[in-house]
Structures are given as C-alpha cells and as structure tokens.
Amino acid sequence: MLNDSYGRNIEYLRLSITDRCDFRCFYCLPRSHRDFETPADWMTPDEIVRLISQFATLGVKHVRLTGGEPLVRKEVGEIAQGISAIPGIEELSLSTNASRLAQFASPLRKAGVERLNISLDTLNEKKFQEITGHRLKPVLEGIEHAKQCGYSPIKINMVIMRGINDEDVAEMIEYCIEHGLTLRFIETMPVGEGGRSASEHYLPLAEIESRLRTRYSLQPATLRGSGPARYFRIDDSPLVVGFITPKSQHFCDTCNRVRVSVSGDLHLCLGQEDKLSLGKMMRSGCSDQELREAIHAAIARKPFRHQFNEVPTAIIRPMSALGG
Ligand code: SAM
Ligand code: SF4
C-alpha cells in the first residue's frame, strides 16, 4: 500500500505519454511554449510497463493516460495494451481532446481503455477555434465514434472562463443530454503561463451552480470513481453534472493520486514542484526493488496541498506537461 504522511492512500496514477499537443488551448499550452521534453528522454513503452508494474505491486489500481495529447504519441496503442495487461491494474482510462478519436476510439477500446474524459469548452465553432487553435468538427466526430465503441462513461470536461464560455453552459447541457455524456465544469488553475493568463477569466463554480439552480433542480449524485468532482443529477434527466473546484474549494485532503511525466518524473502534487526522476533511475540500471523503495520514500513526502491561491506564480511548467 502507498500511504503518504497524511494517511492518504495513493491508488491512482496519471501518466503523461507526451507533452506535445495538436491543440494550443490558451489556458494550457501557449503558442510561445518551446520547452518540450527531448524525445530521447521519453520513456519507451517497455520502460512504461516496467514502471507501472512497480506501482501496481505497491497498490496502484487505476491508470489514466494523458498528455499533452496522448493520441499524438504513435505508440499509444502499444502502451495502452501493455498497461492493461499488468496484474493489479483494474482500470485504464484516457484524457483526450478527441481530435483523433475517430481513428483511435476503436483500437484503444480493444487495447483495454474503458473510460474517457474529453475536453470540450464550447460548441461554438469560432470560439472553439479561438480557444484551441483547432477545428471543432473532428472533435464532435471523435465523440460520436467513442459513443459507438461503448466507452462508459464518457465525461466532457469544460473549463469555465468568465466572458469566454460561461454563457455556453446551457447549450453544453443540452448536447450532453442528447448524447448521453457526463458533464464536468472545471475552474481555471494558475499552472504555467497559460493558466495564469486565464486567471483573469477565473469564475468560481458556485456561481455556475446558482445559475443552474434557477433553471433546473439539482439532486446530489454519486458516480463510480467520483474523484474530486461534486456531482448532481439535472432534473429527471439522465444527465449528471460535476463541479471541480481546485481554487474555490480545494479537495487536497482526499487526494489519492500522483503523476508521472513522459520522461518518468514522479510528481507528487500538480500544484507543487517536488519530483523524483524514476526515468533516470531506470536508465542508470536500478533494480525493481530500488524503484519501489524510491517510490515509497517519495510518496511519504507528498505535500499536503497546492497553493494556487496563496502563491499563484509557483508553477512554471504548463498544464500540458502533466495532463491535469
Ligand atoms: N489533451 C488532453 C485533454 O485536453 O483532455 C489531456 C491533457 S489536458 C492538460 C487535461 C485537462 O486539463 C483538460 O480537461 C484541460 O481542459 C485541463 N486544463 C488544462 N489547463 C488548465 C488550466 N489552466 N486550468 C484548469 N484546467 C486545465
Ligand atoms: Fe492540448 Fe489538452 Fe492542453 Fe488543450 S488542454 S492544449 S488539448 S493538452
């Protein structure tokens, strides 16, 4: 079991398999960003399987593939297949912008990915292009393919930004009801230059909740693997909406996760810089036992919480480096 010094049990790992992306969401990966990881430092699929196997031995049960955009890494299928075959890994999920899902939804489902989180901030084509630098149509087509492949659940992640997409919530609710999707609202986080530039659009989600309550009845709901979101069912519809409030109401006391970058750095908290280079350890010839001991020791010093409110300038790396 991986327990930190605050008694939190770590059983969830987010693995970034690339820090590259075909989008440039302004709040995540600014166009000016150049400081990408060197391909020679990327963990190979074999190294990834070796590392995740050690985490599984220590009690990690759920792995989420993220990025950057995980579907731009050409070995994504091989990586998914390798991880889903590891004894002890009970769940493999994926976060994606969906631009390449039409191509990858079916092979990744066969490779063992069960659940999808998809970023979608607006259904307005022009606004989507302004936010992401990409076209909306392939994303909607990707979502359609994912539905047909039987992923369950498919959660839409909508980063809410005042004056940009906060008026688009009603339309997104209708879209999610029509397509049988779960919808989650996320507050902007001051991670990297992009995250900080989005801070001027920060909107506490309590405001969205009050707006929704004037129109719908919200009944508290629970979802499997709920994580940090607070969920509500909308009226009598099948739609469940979730609120993720890292800034206005942090959920660090129940944090059950750590993150690993594409080069094998173990990050103990999204909002802190403390990390350990497991990738370098593997390449310098350490044993599995040494890896496990290093992971154990690192988890023991996992920080209690982020400081997005107190020190908004703390995190220089972009969100795309670790995948949220
Ligand atoms: N490319 C994939 C995607 O977009 O889903 C996976 C990586 S992306 C970094 C993971 C999540 O982080 C997305 O839902 C995205 O909207 C969110 N995100 C990125 N930057 C953020 C920020 N500054 N504040 C809040 N959420 C952010
Ligand atoms: Fe790429 Fe996802 Fe970041 Fe957008 S949020 S730039 S899709 S990594």
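Structure first, text after, so check above.
Note that the structure is a prediction, hence the values are computed from the model and not measured. (Residues numbered from 1 in each chain as written. Chains lettered and ligands numbered in written order. Predicted model: local features only at pLDDT ≥ 70, side-chain atom pairs only at ≥ 80, totals over all residues. Heavy atoms only, no water.)

1. Observations concerning helix α10 (residues 288-300)
Next, step 1: Under the 1.5 Å per step criterion, the end-to-end length of α10 is 19 Å for 13 residues, consistent within 8% with the ideal 18 Å.
Next, step 2: Those residues of α10 that are buried lie in contact with α1 (45-57), β10 (257-260), β11 (265-267), β12 (275-277) and α9 (278-283). (Helix = DSSP H or I, 4+ residues; strand = E, 2+ residues; numbered from the N terminus. Expected span 1.5 Å × (residues − 1). Contact = heavy atoms within 4.5 Å.)

2. Digging into the site of ligand 1
Next, step 1: In the region of ligand 1, 18 residues are neighbours, and Y27, G68, E69, S119 and M189 sit closest.
Next, step 2: Backbone polar atom of Y27 to a nitrogen atom of ligand 1: 2.9 Å apart, as the coordinates give it.
Next, step 3: Separating a nitrogen atom of ligand 1 from a side-chain N or O atom of E69 is a distance of 3.2 Å.
Next, step 4: Within the complex, 94% of the 540 Å² of free accessible area of ligand 1 lies under protein.
Next, step 5: Looking at side-chain class alone, the shell around ligand 1 contains five nonpolar, eleven polar and two charged residues. (Near = heavy atom within 4 Å. Polar contact = N/O pair within 3.5 Å; in protein donor to acceptor, adjacent residues only side chain to side chain. Areas by Shrake-Rupley, 256 points an atom, 1.4 Å probe, with all protein chains shown as cover. Nonpolar A, V, L, I, M, F, W, Y, C, P; charged D, E, K, R; others polar.)

3. Structural notes on the packing of aromatic side chains
Next, step 1: Per the stated rule, a full pass over the model turns up four aromatic pairs.
Next, step 2: Taken together, a centroid distance of 6.0 Å and an interplanar angle of 85 degrees make the contact between F23 and F128 edge-to-face. Within this pair, whereas F23 is found in the loop between β1 (12-16) and α1, its partner F128 is found in helix α4 (residues 125-132), the two being separated by 105 residues in sequence.
Next, step 3: On the accessibility criterion, F23 (3% relative accessible area) is buried.
Next, step 4: Both rings, one in F232 and one in F243, keep their centres 5.8 Å apart while their planes meet at 75 degrees; by these two values the pair is edge-to-face. In this pair, F232 is assigned in strand β8 (residues 230-234) and F243 in strand β9 (residues 240-244), connecting sequence segments eleven residues apart.
Next, step 5: Each member of the aromatic cluster is reached from another via a ring pair, and the members are F185, F232 and F243.
Next, step 6: Of note, R213 hangs over the ring of F232, and the distance from its end group to the ring centre comes to 5.3 Å. (Phe/Tyr/Trp six-rings, centres within 6.5 Å; stacked < 30°, edge-to-face > 60°. Buried < 20%, exposed > 50% of the residue type's maximum accessible area, 1.4 Å probe, protein only. Lys NZ or Arg CZ within 6 Å of the ring centre and 35° of its normal.)

4. A few points about α4
Next, step 1: All buried positions along α4 are accounted for by F128, I131 and T132. Each buried residue of α4 lies within a common arc of 75 degrees when the element is viewed along its axis, so the set occupies one face. Across from the buried face of α4, at angles greater than 90 degrees, the exposed residues are K126 and E130.
Next, step 2: Residues of α4 that are buried make contact with α5 (137-148). (Arc of directions from axis to C-beta.)

5. Section: the environment of I156
Next, step 1: Inspection of the secondary structure assignment puts I156 in strand β5 (residues 154-160).
Next, step 2: On the basis of relative accessible area, I156 is assigned to the buried category, the value being 0%.
Next, step 3: Between the C-alpha atom of I156 and that of F185, which follows or precedes it by 29 residues, the distance is 8.4 Å.
Next, step 4: Apart from the residues lying within four places of it in its own chain, the contact partners of I156 are I118, L120, I143, C176, L181, T182, L183 and R184.

6. Some remarks on the pairing of strand β2 (residues 62-66)
Next, step 1: Within β2, five of the five residues are buried, which leaves the element mostly enclosed by the surrounding structure.
Next, step 2: Residue alternation in β2 divides its side chains into two sets, H62, R64 and T66 and V63 and L65, and both sets are buried.
Next, step 3: Here β1 runs beside β2; their pairing, made up of five bridges, is parallel. Across the sheet, the residue bridging to L15 is L65, located in β2.
Next, step 4: Considered for its hand, the β-α-β crossover made up of β1, α1 and β2 is right-handed.
Next, step 5: Two elements, β2 and strand β3 (residues 91-96), share four bridges in a ladder whose sense is parallel. Residue R64 lies in a different strand from β3, and its bridge partner there is S93. (Pairing = 2+ DSSP bridges. Right-handed = clockwise from strand over helix to strand, strands pointing away.)

7. Quick notes on the packing of α1 against helix α2 (residues 76-84)
Next, step 1: For the pair α1 and α2, the least separation of the axes is 9 Å and the interaxial angle reads 25 degrees. One finds that α1 runs roughly parallel with respect to α2. For the pair α1 and α2, the crossing hand works out as right-handed. Between α1 and α2, the residues in contact are P45, I48, V49 and I52 and E78, I79, G82 and I83, respectively. (Axes fitted to C-alpha atoms, helices over the stretch in contact; angles between N-to-C directions. Parallel < 35°, antiparallel > 145°, perpendicular 65-115°, else oblique. Left-handed = near helix turned anticlockwise from the far one by under 90°.)

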